[in-house]
Amino acid sequence: MLNKFENPERVTELNPKETLIKLGLSKHDVFCDIGAGTGIFTYAADEITADTIYAIEIAEAMREILHLKNNIPNVRIEDSIQKVPTDSCDVVLLCTVLHELDNIPAMMQEIERIMKYSVVLAIIEFHKEVTPMGPPVERRISERETVETLRSNELVKSKGFKLGNNFYCLIFKQAKVY
């Protein structure tokens with residue numbers, strides 16, 4: 001698994017630190033990496049923010065890798081998004097996770113719960129076409145499908161960009177009504 005997630009070509013295309021900067025992550029932001037894998041975004045976030053970083057990973061093998069790498073006091077490794085406090089996160093990232101979810105509405109409800117007012121939600125997914133890496137095309141979710149799915153959760157696309165030949169990144173915002 002480590003070879004798959006930390007494949008040099010994959011890491012180069014995702015360009016974690018620069019991507020987080022494009023998302024607007026800053027020094028005092030709380031960051032949540034949902035589906036953290038081996039932590040390429042989690043540990044890149046530590047180079048930017050001094051605040052709490054949540055690495056959410058359901059796979060025990062991946063959490064073990066995260067724990068082995070973790071010598072950073074502000075990184076919290078959790079097995080469930082339910083362990084992230086309500087209204088706590090400024091930037092939330094799902095990197096190649098959305099296409100894997102069985103219950104997208106339930107995940108979006110939890111993301112809404114952890115988001116602060118006017119938070120950034122970023123979705124990175126594989127292009128819905130044959131590419132050198134990634135799942136079969138029929139398991140992928142297109143940019144249009146992602147926008148429509150999140151629109152039904154009152155999230156609006158604010159911008160998007162390509163990450164190499166394999167990935168796209170869409171940024172969504174939602175202003176909570178109190």
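Every chain begins its residue count from 1, and numbering advances along the sequence as written. The predicted origin of the model limits local features to residues at a pLDDT of at least 70 and limits the giving and counting of side-chain atom pairs to 80 or more, whereas totals for whole chains, interfaces and linings rest on all residues. Computation of side-chain values: all heavy atoms of the structure, hydrogens and water removed.

K.L.:
Would you explain the overall build of the chain in this entry?
P.N.:
Comment: elements are numbered from the N terminus, with helices defined as DSSP H or I runs of at least four residues and strands as E runs of at least two. On a plain count of helices and strands, the chain comes out with 7 helices and 7 strands. Secondary structure elements of the chain occur, N-terminal to C-terminal, as α-α-α-β-α-β-α-β-β-α-β-α-β-β. Taken over C-alpha atoms, the radius of gyration is set against a globule rule of 2.2 Å times the number of residues to the power 0.38. Taken against the 2.2 N^0.38 rule, which gives 16 Å for 178 residues, the C-alpha radius of gyration of the chain at 15 Å falls within 12% of a compact globule. Its C-alpha atoms put the chain at 40 × 40 × 30 Å along the principal axes. Expressed as a percentage of its 178 residues, the buried residues of the chain come to 53%. Any residue under 20% of the maximum accessible area for its type is buried, any over 50% is exposed, and the rest in between are partly exposed; the area is computed with a 1.4 Å probe on protein chains only.

K.L.:
How should the layout of surface pockets be read in this particular structure?
P.N.:
Once rolled over the atoms, a probe with the size of a water molecule shows which space is left empty. Of the volumes computed, that of the largest pocket is approximately 910 Å³. A pocket, in this scheme, is an open set of points on a 1 Å grid over the protein atoms alone with protein on both sides within 12 Å along at least 5 of 7 lines, while a cavity is a set where a 1.4 Å probe fits but cannot get out; residues line either one if an atom lies within 4 Å of a point. Forming the walls of the largest pocket are 38 residues, and the residues nearest its centre are G35, E57, T96, V97 and E100. Contributions of two or more residues to the lining of the largest pocket are made by α1 (2-5), β1 (31-34), α4 (40-45) and α6 (104-114). Charged residues are taken to be Asp, Glu, Lys and Arg, nonpolar residues to be Ala, Val, Leu, Ile, Met, Phe, Trp, Tyr, Cys and Pro, and polar residues to be all remaining types, Gly included. Each residue belonging to the lining of the largest pocket can be placed in one class, and the counts come to 19 nonpolar, 10 polar and 9 charged. Grid points are joined across faces, edges and corners, and a volume is the space filled by probe spheres set on the points.

K.L.:
Would you mind showing me how to read unusual backbone geometry here?
P.N.:
Glycine aside, residues mostly have negative phi, and peptide bonds are mostly found in the trans state. Phi angles above zero are rare outside glycine, and N15 is one such case at about 45°. Among the secondary structure elements, N15 is positioned in the loop between α2 (8-14) and α3 (16-23). Look at D87: it is not a glycine, yet its phi comes out positive at around 55°. Tracing the sequence through the fold places D87 in the loop between β3 (75-78) and β4 (89-95). Overall, the relative accessible area of 35% leaves D87 in the partly exposed class.

K.L.:
Looking at this structure, I do not really get helix α5 (residues 60-69). What am I missing?
P.N.:
Along an α-helix, residues three or four positions apart point the same way, because every turn accommodates 3.6 residues. When we look at burial in α5, the residues that qualify are M62, R63, I65 and L66. Looking straight down α5, one finds its buried side chains confined to an arc of 155°; they lie on one side. In this structure, α5 carries E60, H67 and L68 as exposed residues pointing more than 90 degrees from its buried face. To obtain the arc, one takes the directions from the helix axis to the C-beta atoms.

K.L.:
Just to check I follow, could you spell out the nonpolar core for this structure?
P.N.:
One finds L14, L20, L23, F31, F41, I124 and C169 to be the most contacted residues of the largest nonpolar core, which totals 31 residues. Where this core is concerned, the elements lending two or more residues are α3, α4, β2 (53-56), β3, β4, β5 (115-126), β6 (156-163) and β7 (167-174). The element that contributes the greatest number of residues to this core is α4, accounting for 5 residues. Ignoring anything within four residues of it in the chain, the contact list for L23 reads V91, V120, A122, F161, C169 and I171. Side-chain atoms within 4.5 Å link the members of a nonpolar core, which is a set of buried Ala, Val, Leu, Ile, Met, Phe, Trp, Tyr and Cys residues. In this analysis, two residues are considered to be in contact whenever any of their non-hydrogen atoms come within 4.5 Å of each other.

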